[in-house]
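A closer look at the structure
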Amino acid sequence: QVQLVESGGGLVQAGDSLRLSCVASGRTFSSYAMGWFRQAPGKEREFVAGISRSGGSTYYSDSVKGRFTISRDNAKNTVYLQMNSLKSEDTAVYYCAARFSIGEYVHRVNYQYTYWGQGTQVTVTS
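Residues numbered from 1 in each chain as written. Predicted model: local features only at pLDDT ≥ 70, side-chain atom pairs only at ≥ 80, totals over all residues. Heavy atoms only, no water.

Here the structure, examined in full by the defined rule, presents seven aromatic pairs. Consider the rings of Y32 and Y115, whose centres lie 6.2 Å apart with planes at 65 degrees: the pair is edge-to-face. Remark: Y115 occurs in strand β10 (residues 115–116) and Y32 occurs in strand β4 (residues 32–39); sequence separation between them is 83 residues. Like Y32, the residue Y115 is buried in the burial classification. Through a chain of ring-to-ring contacts, three or more aromatic side chains come together here, namely F37, F47, Y59, Y113 and W116. (Phe/Tyr/Trp six-rings, centres within 6.5 Å; stacked < 30°, edge-to-face > 60°. Helix = DSSP H or I, 4+ residues; strand = E, 2+ residues; numbered from the N terminus. Buried < 20%, exposed > 50% of the residue type's maximum accessible area, 1.4 Å probe, protein only.)

One pass over the full model with this rule turns up one cavity of 30 Å³ or more. Roughly 30 Å³ of volume is contained in the largest cavity. Surrounding the largest cavity, V2, A24, S25, T28, F29, Y32, M34 and A98 form its lining. Looking at the lining of the largest cavity residue by residue, the classes come out as six nonpolar, two polar and no charged. (1 Å grid on protein atoms, 1.4 Å probe; cavity = no way out; pocket = protein on both sides within 12 Å on 5 of 7 lines; lining within 4 Å. Points joined across faces, edges and corners; volume = space filled by probe spheres on them. Nonpolar A, V, L, I, M, F, W, Y, C, P; charged D, E, K, R; others polar.)

With that settled, consider unusual backbone geometry. Located in the positive-phi region is N77, a residue other than glycine, with phi close to 55 degrees. Relative to the helices and strands, N77 is located in the loop between β7 (68–73) and β8 (78–83). The phi dihedral of S85 is positive, around 50 degrees, even though this residue is not glycine. Relative accessible area serves as the criterion here: at 42%, S85 is assigned to the partly exposed category.

A complete count under the given rule lists one disulfide for this structure. A sulfur-sulfur separation of 2.1 Å characterises the disulfide bridge that pairs C22 with C96. Since a negative S-S torsion denotes a left-handed disulfide, the C22-C96 link at about -75 degrees is left-handed. With C22 in strand β3 (residues 18–24) and C96 in strand β9 (residues 92–100), this pair connects stretches of sequence that are 74 residues apart. (Disulfide = S-S within 2.5 Å.)

Here it is as structure tokens:
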């Protein structure tokens, strides 16, 4: 079992930055590929960014590419999402997700992930 706890959300203005953190329980964090998803009101949950278990591979949705950066610190059991140049359309609940992975894969679809956090709200005002 892996438990995920997100933090770092908040209310910001357009153009501001936020860094989300997700801390995972357990001693095998480095065996898990990680991802960030988001869900805006009335919309389906969508992929934002993913990172392989070592951090060597990353992938971003087109909507955040160049503005967001996913990273991880396996020694701290933590994955981060640095969000710069925030826009009002980035407003959503952001979820961290984990999936046990044998290879250096980045998973982009929500059903590929096994464990999910509770989410953290990000609100961007224009």
